[in-house]
Amino acid sequence: MAAGTYAALKVLDPSAARIYEYIKKNKLPQGYEDRQALHCTVIWSKRECPDMFPEFDVVHRARPGDLHVFHSEGKKRLVLMLDAPTVVERHKTLMREHNAVYAWDEFHPHVTIAYDIGDFDWWKLPPINFDIILGDENVRAGNDLKLKEKRPKWKRIQKILSEIA
């Protein structure tokens, strides 16, 4: 995307560690090698939203849904669909408050766990049955990898996580 605005939530530990273990245990092709990269996109607006800033200190709990394949750029991306009402609400709020234009037809909260599975028999995989904890939101200009605002101290996020665990 040449312009626009992108916002995402990181998958936080222990959820990130458990997803990473799932990827390794099930030998997913093109699975995420870095559990720090696991995320859930909240918004990818075609239009720039210069006044959009992240909510660093909000943590979301999502229930895992089914595994699904998204076809993108000639690849089969394996995604974990999420039942994430607070993430959906955040998406709607950002769309409304910033007059954003979403890059896709519909918003489906998910976490990509493998970039290109090819002919892998993904439907034979066991379900993921643990909550997915999301937070540490970041917002970036679509053509810029720099964060729009510095992150708060990690201790603040740790405190929030300890309160929901």
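Keep in mind that this is a model prediction, so the values were computed, not measured. (Residues numbered from 1 in each chain as written. Predicted model: local features only at pLDDT ≥ 70, side-chain atom pairs only at ≥ 80, totals over all residues. Heavy atoms only, no water.)

**Things to note about helix α2 (residues 85-98)**
Its 14 residues place the ends of α2 20 Å apart at the C-alpha level, agreeing with the 20 Å of an ideal helix rising 1.5 Å per residue. Listed as buried for α2 are Val 87, Arg 90, His 91, Thr 93, Leu 94 and His 98. Along α2, the residues classed as buried sweep out an arc of 165° about the axis, all on the same side. The exposed set on the far side of α2, more than 90 degrees from its buried face, consists of Pro 85 and Arg 96. Close packing links the buried residues of α2 with β1 (5-11), β2 (39-45), β3 (60-72) and β6 (132-141). Asn 99 sits one or two residues past α2 and shows a positive phi near 50°. (Helix = DSSP H or I, 4+ residues; strand = E, 2+ residues; numbered from the N terminus. Expected span 1.5 Å × (residues − 1). Buried < 20%, exposed > 50% of the residue type's maximum accessible area, 1.4 Å probe, protein only. Arc of directions from axis to C-beta. Contact = heavy atoms within 4.5 Å.)

**Considering the packing of aromatic side chains**
All chains considered together, the criterion is met by two aromatic pairs. Both rings, one in Tyr 6 and one in Trp 44, keep their centres 5.4 Å apart while their planes meet at 80°; by these two values the pair is edge-to-face. Taken together, the positions of Tyr 6 in strand β1 and Trp 44 in strand β2 put the pair 38 residues apart, joining distant regions of the chain. Here Trp 44 falls in the partly exposed class, since its relative accessible area comes to 29%. (Phe/Tyr/Trp six-rings, centres within 6.5 Å; stacked < 30°, edge-to-face > 60°.)

**Digging into the sheet that holds strand β4 (residues 75-83)**
Strand order in the open sheet formed by six strands is β2-β1-β6-β3-β4-β5, with antiparallel pairing between adjacent strands. Across the chains shown, the open sheet's two edge strands, defined by having one partner strand only, are β2 and β5 (110-114). Neighbour-to-neighbour, the strand axes of this sheet turn through a mean angle of 30°, independent of strand direction. Bridge count between β1 and β2: six bridges; the pairing is antiparallel. Considered in β2, the bridge of Ala 7 is made with Ile 43. Contacting β1, β2, β3, β4 and β6, α2 crosses the sheet at an angle of about 20° to β2. (Pairing = 2+ DSSP bridges. Axes fitted to C-alpha atoms, helices over the stretch in contact; angles between N-to-C directions.)

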